[in-house]
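Examination of the molecular architecture
Read off the chains here:
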Amino acid sequence: MTARRAQNLIERLPPVRGRLTAEAPLAPVTWFRVGGPAEVLFRPADAEDLAEFLAKRPAEVPVTVIGVASNLLVRDDGVEGVVVRLGRGFAAIEISGARVTAGAGVLDLNVAIAARAAGVGLEFLSGIPGTIGGALRMNAGAYGREIKDVLESAVALDNAGVRHALSLAEMGLGYRHCGVPEDWIFVGATLRGQAADRDAIQRRMAEIQSEREASQPIRARTGGSTFANPPGHKAWELIDAAGCRGLARGGAMVSEKHTNFLINTGPATAADIEGLGEEVRRRVFEKSGVRLEWEIRRIGRPAPGLKEAAP
Ligand SMILES: Cc1cc2nc3c(=O)[nH]c(=O)nc-3n(C[C@H](O)[C@H](O)[C@H](O)COP(=O)(O)OP(=O)(O)OC[C@H]3O[C@@H](n4cnc5c(N)ncnc54)[C@H](O)[C@@H]3O)c2cc1C
């Protein structure tokens, strides 16, 4: 990827009200703090700006949306085409009764805080460090609840910019899975919380915060749960049993605190992190015969020489 190529790409893109940036570094906006640049980063002004852009951009230009990259590994060579990051134009929160409508760029935590102020409980969201868009795509969940349990409807744009209002059933949500086409971009959602006493909500949110502090490396450079729990197993137990606690490669390490979290100890590259993840998969398969599947989404061109542990 070169600066000139990125600049040429910008010149082929339709005019927008938001911001287009060539060769935009992505590492600083990811939880892992690794990875190369976006060939072009697009921060749409609002949903209409994004829809028009999707309708008019050259069809062959790949478009990838990211939230706050709390479940995402950006590979070292960066991401070709346009990376979309939703900002202020997707940050509205409206509450009516127990119904909370939020833009896809809002942090789950901020939805939980706004809901609390209105006496609406959506406490589990306070434990998930992503955006509403990321939560819809991942069917994020914690403490026995997931998005599927509170979602009424969502709004998405397809790859031609056409707006779709989706019911809960149309979302096809399952364990860390969403049935909506991968190239659709969520722009908002309506959730239904439970009317509750504000102090009780606050106490539950504080409990969630301290449970997370105790069990997860939430202050580290990490990507959340690395692998999905295979049916009938907990990924962290399989990883522990395979002797991977504290295993390191370059600047990447399996967390001592929670073995399903990989950590950038400082100097890691995305290749270190992905290579370590593949090594963990290999050791777990050797020990238990179970194939772990990545929960972390990986974007960009794979590093040359990356050995996948299993198909
Ligand atoms: C310390 C830590 C703790 C975590 N704990 C939990 C937990 O308890 N439960 C849990 O479920 N997750 C947890 N996670 C993982 C992560 O926070 C969730 O998966 C979150 O929903 C990801 O949101 P994001 O905005 O960061 O999305 P990203 O990581 O940026 O993206 C994840 C995926 O969502 C897609 N995406 C993002 N925005 C949109 C959009 N607007 N439209 C369509 N697709 C989109 C991306 O393309 C990508 O495929 C944790 C992560 C960390 C770092």
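Structure's up top.
Residues numbered from 1 in each chain as written. Predicted model: local features only at pLDDT ≥ 70, side-chain atom pairs only at ≥ 80, totals over all residues. Heavy atoms only, no water.

On to the pattern of salt bridges. Where charged atoms from two side chains of opposite charge come close, those side chains can pair. Enumeration according to the criterion identifies 26 salt bridges in this entry. With its nearest N and O atoms 3.7 Å apart, the salt bridge here joins Asp77 to Arg301. Here Asp77 is found in the loop between strand E4 (72-74) and strand E5 (79-85), whereas its partner Arg301 is found in the segment after strand E19 (297-299), with 224 residues between them in sequence. A relative accessible area of 45% places Arg301 in the partly exposed class. A salt bridge links Arg282 to Glu286, with the shortest nitrogen-to-oxygen separation between them at 2.8 Å. Of this pair, Arg282 and Glu286 both sit in helix H9 (residues 270-288), four residues apart, roughly one helical turn. For Arg282, a relative accessible area of 35% translates into the label partly exposed. Because the salt bridges share partners, they merge into one network encompassing Arg75, Glu274, Glu278, Arg281, Glu293 and Arg298. (Salt bridge = Lys/Arg side-chain N within 4 Å of Asp/Glu carboxyl O. Helix = DSSP H or I, 4+ residues; strand = E, 2+ residues; numbered from the N terminus. Buried < 20%, exposed > 50% of the residue type's maximum accessible area, 1.4 Å probe, protein only.)

Looking now at the packing of aromatic side chains. The tally for this structure, following the rule as stated, stands at two aromatic pairs. Aromatic side chains Phe42 and Phe53 sit 4.5 Å apart centroid to centroid with 45° between the ring planes, which places their arrangement in the tilted category. Remark: Phe53 occurs in helix H2 (residues 47-56) and Phe42 occurs in strand E2 (residues 37-43); sequence separation between them is eleven residues. Each member of the pair, Phe42 together with Phe53, is buried. Relative to Trp294, the ring of Phe227 has its centre 5.1 Å away and its plane inclined at 55°; by these criteria the two rings are tilted. Linking Phe227 in the loop between strand E15 (221-225) and helix H8 (235-241) with Trp294 in the loop between H9 and E19, this pair joins segments that are 67 residues apart in sequence. (Phe/Tyr/Trp six-rings, centres within 6.5 Å; stacked < 30°, edge-to-face > 60°.)

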